[in-house]
Amino acid sequence: MTEPNRHHVRVLIIGSGPAGYTAAIYAARAMLQPLLIQGMQPGGQLTITTDVENWPGDTEVQGPALMQRMEDHARAMGAEVVTDTVTRLDLQRRPFVAECDSGARITADAVILATGAQARWLELPSEDKYKGFGVSACATCDGFFYRGKEVIVVGGGNTAVEEALFLTNFASKVTLVHRRDSLRAERIMQDRLFKNPKIDVVWNHQVDEILGTEGPLSVTGARLRSTLDGSITDLPADGVFIAIGHSPSSELVRDQLPLRRGGYVEVEKGSARTAIPGVFAAGDLTDDVYRQAVTSAGMGCMAALDAEQWLAEQGQAEAGPDAPTEAEIASA
Ligand code: NAP
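Fair warning: this is a prediction, and the values are worked out from it, not measured in the lab.

## Some remarks on the sheet that holds strand β14 (residues 205-213)
Item 1. Spatially, the three strands line up as an open sheet ordered β14-β15-β16, and their pairing is antiparallel. The sheet is open, and its two borders are formed by β14 and β16 (232-236), each paired with just one other strand. Here the average twist between neighbouring strands, direction ignored, is 25°.
Item 2. In the sheet, strand β15 (residues 218-226) pairs with β16 via five bridges, with the strands oriented antiparallel. Paired with Arg225 across the strands is Ile232, a residue of β16.

Encoded structure:
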């Protein structure tokens, strides 16, 4: 930004996953000169995955490379992309006001929320204790440390299966622990998992406790409880990867917008419109069903088109007499 502490935009996009960047591409092409604030993890969840095989047009692409291409695309279309984090968002006044970690204060006529989701944890005290000392939620970030070692992956969805397969590049043995007797991951992923000689599956068990040493802090295994008969088994391992799904990152708007169970932002069916006119939501923040890169991108497109239409209805699609003056922005 040329003026870091005061900036008015017609469209502010918060978040830099597929939803945010797609919204930026569409809003930029609509000549709305959007500003996108990337957040704490520029590029979002795909930057911590490896192979992506279901992005149309790419048989295989690396997650970080795909996100870099999206960012470059958004910039090339004229979007302003800023590495900063929105720490406070006021949707009760107009223009809307966003305060950023850097101290920047941005006012916006329309806001597109695309803050995505973050990994869920088991919420065990022992898990918390060993986070960073053998407990992780990111195999691509931490897998390298388990060369020749044994690890546990917890969960039964696509993330857990992907993490387990990825970890076989380093670990000597990977045990997937799942609380039921069937996986919810895609069939093709399940096939790869079952065929991999380095992977064992422990069915019908959940993790009761992470086991480890005190000094230095380090994981030695996990205490498992059978979901069938409650019996306890200690499974030795050098690392435990938690892959039990994601929660939407809706903290910024928790008290301002209606949320569905699980914290997902409500949007009007078939649109990206939230309960506040001029505020739109897209991607994992609002989607508890599909949660794919391609569906997030589609929702980002919808959000930008909805924002464009809404601004046009307000007479603000072009900066006109209704656009706030510098003095109004400064006092916002
Ligand atoms: P998910 O599909 O919601 O699966 C979460 C898994 O964790 C489930 O198997 C669930 O068990 C288990 N689980 C949840 N809470 C648990 C707890 N407290 N203790 C033990 N186990 C627990 O989440 P995800 O795998 O992160 O996937 C999220 C979305 O992203 C999905 O739509 C997925 O398709 C998508 N995704 C796609 C790809 C890809 O296309 N390549 C890759 C990654 C993710 P139950 O089965 O018993 O509920």
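The rest of the description comes next.
## Section: a negative patch on the surface
Item 1. A cluster of like negative charges, contributed by Asp51, Glu60, Glu162 and Glu186, occupies part of the molecular surface.
Item 2. Structurally, Glu186 can be placed in the loop between β12 (173-177) and α6 (187-195).
Item 3. By relative accessible area, which is 36% here, Glu186 ends up partly exposed.

## Some thoughts on the sheet that holds strand β17 (residues 239-242)
Item 1. Taken together, the five strands give an open sheet; going across it, the order is β10-β17-β11-β12-β13, and neighbouring strands pair in parallel fashion. Since the sheet does not close on itself, it has two edges, and those belong to β10 (135-136) and β13 (199-202), each with one partner.
Item 2. Relative to β17, strand β11 (residues 150-154) is paired through four bridges, and the arrangement is parallel. Within β17, the residue paired with Val154 across the bridge is Ile242.
Item 3. Helix α5 (residues 158-167) rests against β11, β12, β13 and β17 of the sheet, and its axis sits at about 170° to β11.

## Description of the pairing of β11
Item 1. By the criterion of burial, β11 is predominantly enclosed, with four of the five residues buried.
Item 2. Pairing geometry for β11 and β12, over five bridges, is parallel. Bridge pairing in β12 links Val154 to Val177.
Item 3. A crossover links β11 with its parallel partner β12, the connecting element being α5, and its sense is right-handed.

## A few points about the site of the ligand
Item 1. Among the 19 residues in the neighbourhood of the ligand, the closest are listed as Asn54, Thr159, Glu162, Arg180 and Arg184.
Item 2. Residue Asn158 places a side-chain N or O atom 2.9 Å away from an oxygen atom belonging to the ligand.
Item 3. Between an oxygen atom of the ligand and a side-chain N or O atom of Arg180, the distance comes to 2.7 Å.
Item 4. The greatest single-element share of the shell around the ligand, amounting to three residues, is contributed by α5.
Item 5. Of the residues contributing to the shell around the ligand, the split by class is three nonpolar, ten polar and six charged.
Item 6. When residues are assigned to domains, the shell around the ligand turns out to be shared by domain 1 (6-118 + 246-331) and domain 2 (121-242), each giving three or more.

What counts as what
- Residues numbered from 1 in each chain as written.
- Predicted model: local features only at pLDDT ≥ 70, side-chain atom pairs only at ≥ 80, totals over all residues.
- Heavy atoms only, no water.
- Pairing = 2+ DSSP bridges.
- Helix = DSSP H or I, 4+ residues; strand = E, 2+ residues; numbered from the N terminus.
- Axes fitted to C-alpha atoms, helices over the stretch in contact; angles between N-to-C directions.
- Patch = residues over 30% accessible without salt bridge, like charges linked within 9 Å, V, L, I, M, F, W, Y side chains within 5 Å.
- Areas by Shrake-Rupley, 256 points an atom, 1.4 Å probe, with all protein chains shown as cover.
- Salt bridge = Lys/Arg side-chain N within 4 Å of Asp/Glu carboxyl O.
- Lys, Arg positive; Asp, Glu negative; His and termini not counted.
- Charge placed at Lys NZ, Arg CZ, Asp CG, Glu CD.
- Buried < 20%, exposed > 50% of the residue type's maximum accessible area, 1.4 Å probe, protein only.
- Contact = heavy atoms within 4.5 Å.
- Right-handed = clockwise from strand over helix to strand, strands pointing away.
- Near = heavy atom within 4 Å.
- Polar contact = N/O pair within 3.5 Å; in protein donor to acceptor, adjacent residues only side chain to side chain.
- Nonpolar A, V, L, I, M, F, W, Y, C, P; charged D, E, K, R; others polar.
- Domains from an automatic or database assignment.

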